[in-house]
Every structure is written in structure tokens, then in C-alpha cells.
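Spelled out from the first residue to the last, the chains are:
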Amino acid sequence: MLVIDTETYLIGPGRIAPKPVCIQLCDERREPWILLASDPDTPDILEALINEETIVGHNLAFDMGVLCEAYPQLQTPIWRAYTEDRMLCTQVLEKLIHIAHGWDTKDPRSNLPLKTNLASLATTYLKHEMKGKDSADAWRFRYRELDSVPLEKWAPDALRYALDDALITYEVHQSQRAWMIKNNKICMDMYQRARGAWALHLMGAWGLRTDPEKVDELAQRVRNRVQGAKITLQRTGLIKPDGKKDLKAIRSQIDRAYRIQGKDTPKTAKGSVGTSREVLAASGDVSLQLLASISNDEKLLTTYVPVLERGKTLPVNASYNPVVATGRTSCRSPNVQNQPREGGVRECWIPRQGNVYVQADYSIAELCALAQCCIYMGVESSMAKALNEGRDLHLDLASKIMSISYDDALRLKSEGDKEIKNARQMAKIANFGIPGGLGVVSLVSFAKMAYGVVLTETEATDLRNQWLEAYPEMKAYFRYVRDQLRTQERFELRQWRSARIRGNVGYTDGCNSPFQGLAADFGIDMCFHVARACYIDVQSPLYGCRPVAFVHDEIILECEADRGHDAAIELQAIMERRARAWCPDIPIVAEPCIMTRWYKDAETKYGSDGRIIPWG
DNA sequence: ACGCGATGCGCC
DNA sequence: AAAGGGCGCATCGCGT
């Protein structure tokens with residue numbers, strides 16, 4: 001086992017893999033040593049080590065990105081080591097440990113906020129304070145001053161700081177292993193997630209660009225609408241002279257408006273007057289309704305437009321979190337996983353000159369994963385059966401709701417029958433809502449929120465019963481979770497196949513996690529395999545493509561325009577193959593397409609020669 | 001000036 | 001028996 005750490009030039013937009021200054025190493029001898037990046041022997045030494053050892057690092061993906069960029073000869077060895085489960089990130093492992101215990105705010109071992117930076121881990125595991133006592137920390141951002149400077153001339157603190165990081169990482173990792181064993185919480189998917197972290201890091205590092213003209217158009221449009229309304233609202237006192245909302249005034253006006261209507265004032269969880277768009281819109285008050293009408297544009301203007309502006313001149317480098325409680329990933333700075341589908345934000349993202357986006361997503365990934373979970377449980381699954389018969393799952397349920405055969409449902413749908421269309425809509429509500437443990441009351445609001453469908457409680461009850469009848473295995477699925485909770489308030493969940501542990505779950509999260517986590521597992525696994533094809537598989541049609549975004553069941557690559565078709569087909573093939581590896585009993589389908597921008601509902605579009613051409 | 005809880009809202 | 005989950009981000013307002 002070998003710890004690798006690097007000190008580098010500074011990071012900046014478009015510079016996520018900066019030039020290294022030195023590489024520190026530490027193995028079981030616990031005597032860290034250092035290689036100068038400028039030493040011509042360094043890449044060969046590293047190559048030999050990476051070919052042999054299990055490599056450990058804190059935020060390892062960053063260091064591997066640095067090394068790949070500085071020494072192209074290391075690319076293949078690094079990818080091989082990831083593929084052979086010889087790459088391990090202590091930061092990712094720490095997150096898995098937290099999830100396994102079900103911790104989310106404080107680390108009970110140290111009573112400190114739950115963080116995963118190296119200093120926090122040193123405190124928690126080693127009782128070692130990395131900061132404050134000396135000047136070593138001061139070197140953190142100054143290593144570029146030491147580029148090509150022989151080690152004899154380094155300030156002792158600069159050397160010590162660099163070496164300490166490697167040693168501490170080594171010691172922390174030993175402690176993590178001891179902790180997992182002592183608490184019987186071995187994080188079996190730590191290598192898998194380290195792979196995912198690597199693929200996601202590369203996506204963030206490559207970055208996304210925006211279309212300057214489109215961004216300006218959007219910004220202009222949205223700004224005008226918000227500005228106009230704000231001037232009016234300042235006169236009515238709902239917005240203060242400084243442009244900020246006066247929540248006190250807004251809340252009291254909402255209260256008044258609802259009283260006038262003879263309705264109860266909507267309250268939040270903590271008991272204050274709710275101020276959501278829905279509340280404002282239903283207030284019957286013109287000013288409040290005006291406020292509601294700009295809510296959407298305000299969100300675009302404050303959250304999304306500034307990021308799009310940045311992308312006009314520099315790559316936007318999102319940073320991904322390779323694992324959260326359910327097993328999914330998350331993304332920040334910016335969060336490219338929650339770009340609005342409506343309003344023209346997505347369409348501002350464009351591939352670099354001469355490229356197209358090759359994109360694909362899994363269809364009904366989580367439902368497929370749910371069916372596979374039932375099979376893993378040893379339960380016969382009619383959902384799996386329907387999927388294996390190639391049925392559209394929503395239409396299948398719709399046919400059962402209407403008490404007709406699947407073939408008749410297919411025929412009616414193709415004829416544009418209204419009743420079957422409605423039934424299929426109801427089926428979607430059931431399929432997407434109920435697996436997570438939605439009760440009747442919540443199902444009603446879920447239908448309204450997500451689909452604009454108004455259900456009575458009776459209708460929701462019927463729908464839920466029909467769903468349970470169509471998929472009898474789901475009774476066993478829910479029963480398993482209930483059984484866990486018969487003798488305890490919370491329990492420890494073990495994911496199928498990945499064996500990832502999630503501690504401290506109750507009923508609804510206990511229902512959700514198995515299938516959401518399984519879909520997340522094959523999603524991130526797919527990212528790794530796609531990225532590997534893009535970066536090092538010279539034989540692959542994806543070679544040279546660059547993944548730029550991952551959104552749970554969707555991946556987007558930049559690809560040279562004339563290679564789009566072959567890339568799309570290969571992307572689909574890898575995606576379906578990786579899904580199979582996790583869900584061997586379910587045929588999971590990926591749908592590829594080519595786009596000139598990030599369109600929300602792009603579909604596979606064929607040219608006259610039968611090859612896929614850009615959508616939109 | 002800054003931190004933080006509450007609230008609301010974007011996505012899958 | 002009943003029970004959607006879970007991210008990130010911006011804003012407001014209060015407290016230190």
C-alpha cells in the first residue's frame with residue numbers, strides 16, 4: 001500500500017489539474033519521501049509504483065488528474081490501477097463510513113461537525129492537530145515557488161508539511177480500516193466509489209461551456225421581467241427600497257388575504273406563514289400574485305444565470321460528490337444536476353467548437369432497479385416479467401387499471417385514445433410515487449405537484465391498491481422494511497450487490513434506498529467505463545470524447561461532430577452492458593442521441609442513411 | 001462582517 | 001398502521 005500526495009501550482013477555472021511541484025509517497029515503513037516533479041526520473045519511478053501497488057490518497061482523483069496531465073505515460077497505469085481495484089480514496093471511504101453509521105451532522109467520535117478534509121480526519125482518528133501550532137500550513141498555497149528548486153534549498157517547514165500530509169494520510173487510512181473492522185462496517189464498495197470519483201472528477205475538470213449569445217438573450221429577458229415587477233412591488237411595500245423582499249410585510253399580507261377569502265393561512269413545518277409560489281398564487285391578492293409570477297424568473301436570474309455568464313469566457317468546472325446517503329452522487333459549484341428543464345437555461349450549454357453533445361439516459365432506471373431488488377430478495381417479480389416481455393411499464397399498468405389486455409392498450413394508445421392516455425398518466429404517478437413508500441395522502445399531493453393531476457383520496461387509494469395488485473411482490477418488498485422496524489426504530493440497510501451499508505434508516509428511506517441506490521450504483525459504474533473508453537481505449541469509438549456531465553441516469557459527452565453516430569451507439573452499448581452487470585435479470589435500455597445544445601427532451605433522430613443525427 | 005436556521009425551489 | 005428520498009443553492013432575518 002502506497003500513499004501518493006502532490007503539491008501543485010494553484011487551481012483555477014479551467015485549471016483543475018495544475019502543474020505539480022512535488023510528489024510525496026508513504027508506505028508501511030511510515031517514512032515518507034518526496035520526488036521533485038521536475039526530476040526526469042520521476043515519471044518512471046511513479047509508473048513502476050502505480051503498476052504494482054495499491055494507491056491511497058486523500059481526494060485521490062485530484063492527484064491522479066495532476067499526474068495524468070503532467071506525465072501522459074501514467075495515464076494507462078492509472079486507469080489500470082482503478083480497473084484492478086488498486087485505487088483508494090480516503091475521503092470517499094470516510095463518506096462511506098459516515099453513511100454506514102447514518103451520521104449526517106456531527107461525528108460522535110470527536111463531537112465535531114461531520115467533515116471529510118484531511119485535517120478533520122487527523123483530529124478524529126489520530127488526535128492530531130494539523131493546523132495552528134506552526135508555520136507549516138503557511139506553505140499550502142506557495143509550492144509553485146519551489147518548482148525546480150532542489151530539496152536542499154527548501155525551507156524545512158515546506159518539506160515537513162508536504163511529507164506530513166502523506167504520512168497522515170497513511171495513518172488515517174490504517175485507522176479507517178481498523179475502525180471498519182472493529183465496528184463491523186466494512187465498506188465493500190470503497191474501490192467502486194473511488195473509480196466513480198475518478199470519472200466524475202475528470203468530468204468536472206474538463207468543464208462545460210456556454211453560448212454567449214444565448215446567455216445574453218436569456219439574461220436580458222429574465223432581468224426585464226423581474227425588474228418590471230419589482231418596481232411595482234416596491235410601491236406596494238412588499239419589496240424594500242434596497243430591492244430585498246420584506247418578508248414581514250409579505251407574511252402579514254398573505255395572512256390578511258387568506259382571512260378575507262375565509263381560508264386558513266398556510267403554515268410551514270415550523271409554524272410560520274408560508275410564502276411559497278403556490279401560497280402566493282392562491283391568495284387572491286394582486287400584489288402577491290405578481291410576486292408569485294416572478295418567482296420562477298427570480299430563481300433563474302439569481303441561481304442559474306450567473307453561472308451561465310461565467311461559462312461564456314471560462315470552462316465551468318463543477319465538482320462532484322461521488323457518494324451521498326442513498327448511494328447517489330451530488331454536484332456543486334455549480335450543481336449541473338439540477339439545471340431547469342424549462343426557461344432556456346439548459347439550451348445555453350453548448351459543446352466546444354467542432355463538437356456535438358452525445359447524450360444518453362437510462363429509461364425508467366429506478367423501476368428496473370426496483371424489479372431487480374425484488375429478484376435479489378428471492379421474490380418473483382411481475383414487474384420484472386413485464387420488463388422482460390418488452391412492455392412499456394406504464395402502459396402495462398394502465399392496461400390493468402382499465403382491465404384490458406396489454407395488446408389492446410397498445411392499440412388504443414396508437415389510436416390516440418384519451419382514456420388510455422389518462423390511465424398511463426395515472427400509472428406513472430403510481431410507478432414513480434408508491435415504491436418510495438408514498439401513502440395515500442402524500443400520493444394525492446405528489447400527483448398534483450409532479451403531474452398536475454388532482455386525485456381524491458378515494459381515487460388515490462384505488463390507484464395504490466391497483467398498483468399493489470399488479471405488482472404483488474411489492475407487498476413483500478415493503479414487508480421486509482416493516483419487519484426490520486418491528487423491534488427497532490431505525491435499522492441498518494445493506495445494498496444489494498454493492499453491499500454498501502446505510503445506517504439509521506426508517507421506513508420511507510428504507511423503501512427508497514435499495515432501488516435508488518442500485519440505480520445509482522450502475523450509473524456511476526457506467527461513468528467509469530465510459531470515461532475509460534473516452535480517455536484511454538484507442539480502439540473505442542468513444543476515444544477522444546470527453547464526458548462533461550452526469551445527472552443520475554444520464555451522461556453527456558463532447559464528441560467531434562463527424563464521429564457522433566459511432567460514439568452514440570458505443571455509449572449505448574457500454575451503458576446497457578454496465579446496467580446488466582448490476583441488474584442481470586432486467587433488460588435495461590439506454591437511449592442515445594446527438595445534440596448541438598443541451599436539450600431537455602432530445603430523442604434519437606436518424607438521418608436518411610440510418611445514422612443518428614443531431615436533435616434540434 | 002459573518003454564521004446559521006428556516007424557507008423555498010431547481011433536478012432525478 | 002402509516003410513512004417519497006435526497007441532493008445544492010439563494011435569500012431573509014436574526015444572533016454573535
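Let me begin by describing the structure that accompanies this report.

Some details on the protein's contact with DNA strand B
In the vicinity of DNA strand B lie 22 residues, with Thr 268, Lys 270, Thr 275, Arg 328 and Arg 341 positioned nearest. Near the protein, meaning within 4 Å, the atoms of DNA strand B are sugar or phosphate in a fraction of 86%, with bases accounting for the rest. Take Thr 268: an N or O atom from its side chain is 2.6 Å from a phosphate oxygen of DNA strand B. One nitrogen or oxygen atom from the main chain of Arg 277 is found 2.8 Å from a phosphate oxygen belonging to DNA strand B. When the residues that make up the surface near DNA strand B are grouped by side-chain class, the tally is 3 nonpolar, 12 polar and 7 charged.

Thoughts on the packing of aromatic side chains
Aromatic rings in a pair are described by how distant their centres are and how their planes are angled relative to each other. Counted under the stated rule, the structure contains 15 aromatic pairs. Taking 6.0 Å as the distance between ring centres and 25° as the angle between the ring planes, the aromatic pair formed by Tyr 143 and Tyr 161 counts as stacked. Linking Tyr 143 in the loop between helix H5 (118-126) and helix H6 (156-182) with Tyr 161 in helix H6, this pair joins segments that are 18 residues apart in sequence. For the pair formed by Tyr 143 and Tyr 161, the shared burial category is buried.

Brief notes about the sheet that holds strand S2 (residues 20-26)
In spatial order, the strands read S3-S2-S1-S4-S5; together these 5 strands make up an open sheet with mixed pairing. Only two strands of the sheet have a single neighbouring strand rather than two, namely strand S3 (33-36) and strand S5 (87-89). Neighbour-to-neighbour, the strand axes of this sheet turn through a mean angle of 30°, independent of strand direction. Across 4 bridges, S2 lies against S3 in antiparallel orientation. The residue of S3 that forms the bridge with Gln 24 is Ile 34. Along the sheet face, helix H2 (residues 60-70) touches strand S1 (2-8), S2, strand S4 (55-57) and S5 and points at about 65° away from the line of S1.

Some remarks on H2
Here H2 lies mainly inside the structure; 9 of its 11 residues are buried. Taken together, the buried positions of H2 are occupied by Leu 60, Ala 61, Phe 62, Asp 63, Met 64, Gly 65, Val 66, Leu 67 and Cys 68.

Description of the protein's contact with DNA strand C
As a matter of local geometry, DNA strand C sits amid 32 residues, with Ser 333, Gly 439, Ser 442, Arg 502 and Thr 508 nearest to it. The sugar-phosphate portion of DNA strand C accounts for 73% of its atoms within 4 Å of the protein, the bases making up the rest. Contact distances for DNA strand C include 2.9 Å between a phosphate oxygen and a side-chain N or O atom of Lys 240. Elements that contribute at least two residues to the surface near DNA strand C include exactly helix H9 (247-260), helix H12 (295-313), strand S10 (330-332), helix H18 (440-451) and helix H21 (507-535). At 5 residues, the largest contribution of residues to the surface near DNA strand C is made by H21. For the surface near DNA strand C, the residue count by class is 8 nonpolar, 13 polar and 11 charged.

Points about the sheet that holds strand S17 (residues 590-595)
Note: strands within a sheet are paired through backbone hydrogen bonds, in either parallel or antiparallel orientation. In space, the 5 strands of this open sheet follow the order S15-S16-S12-S17-S18, with mixed pairing throughout. With partners counted over all chains shown, the strands left at the sheet margins are strand S15 (546-550) and strand S18 (614-615), one partner each. Where strand S12 (residues 355-362) meets S17, 6 bridges bridge the pair, whose relative direction is antiparallel. Within S17, the residue paired with Asp 361 across the bridge is Glu 591. Across the face of the sheet, H21 comes into contact with S12, S15 and strand S16 (554-560) while running at roughly 160° to S15. Helix H22 (residues 564-582) rests against S12, S16 and S17 of the sheet, and its axis sits at about 25° to S12.

Points about the packing of helix H7 (residues 190-206) against H21
Axes are the key here: two packed helices are described by the angle between their axes and the distance separating the axes. Two elements in contact, H7 and H21, have axes whose closest approach is 8 Å; the angle formed by their N-to-C orientations is 60°. Our classification of the angle between H7 and H21 gives oblique. Pair H7 / H21 crosses with left-handed handedness. Residues Gln 192, Arg 193, Arg 195, Gly 196, Trp 198, Ala 199, Leu 200, Leu 202, Met 203 and Trp 206 of H7 touch H21, and the partners they reach there are Ala 520, Asp 521, Ile 524, Asp 525, Cys 527, Phe 528, His 529, Ala 531 and Tyr 535. Considering only residue class, the contact of H7 with H21 consists of 12 nonpolar, 3 polar and 4 charged.

Conventions used here
- Residues numbered from 1 in each chain as written.
- Chains lettered and ligands numbered in written order.
- Predicted model: local features only at pLDDT ≥ 70, side-chain atom pairs only at ≥ 80, totals over all residues.
- Heavy atoms only, no water.
- Near = heavy atom within 4 Å.
- Polar contact = N/O pair within 3.5 Å; in protein donor to acceptor, adjacent residues only side chain to side chain.
- Nonpolar A, V, L, I, M, F, W, Y, C, P; charged D, E, K, R; others polar.
- Phe/Tyr/Trp six-rings, centres within 6.5 Å; stacked < 30°, edge-to-face > 60°.
- Helix = DSSP H or I, 4+ residues; strand = E, 2+ residues; numbered from the N terminus.
- Buried < 20%, exposed > 50% of the residue type's maximum accessible area, 1.4 Å probe, protein only.
- Pairing = 2+ DSSP bridges.
- Axes fitted to C-alpha atoms, helices over the stretch in contact; angles between N-to-C directions.
- Contact = heavy atoms within 4.5 Å.
- Parallel < 35°, antiparallel > 145°, perpendicular 65-115°, else oblique.
- Left-handed = near helix turned anticlockwise from the far one by under 90°.

Such coordinate-based values are descriptive only and should not be taken to indicate function.
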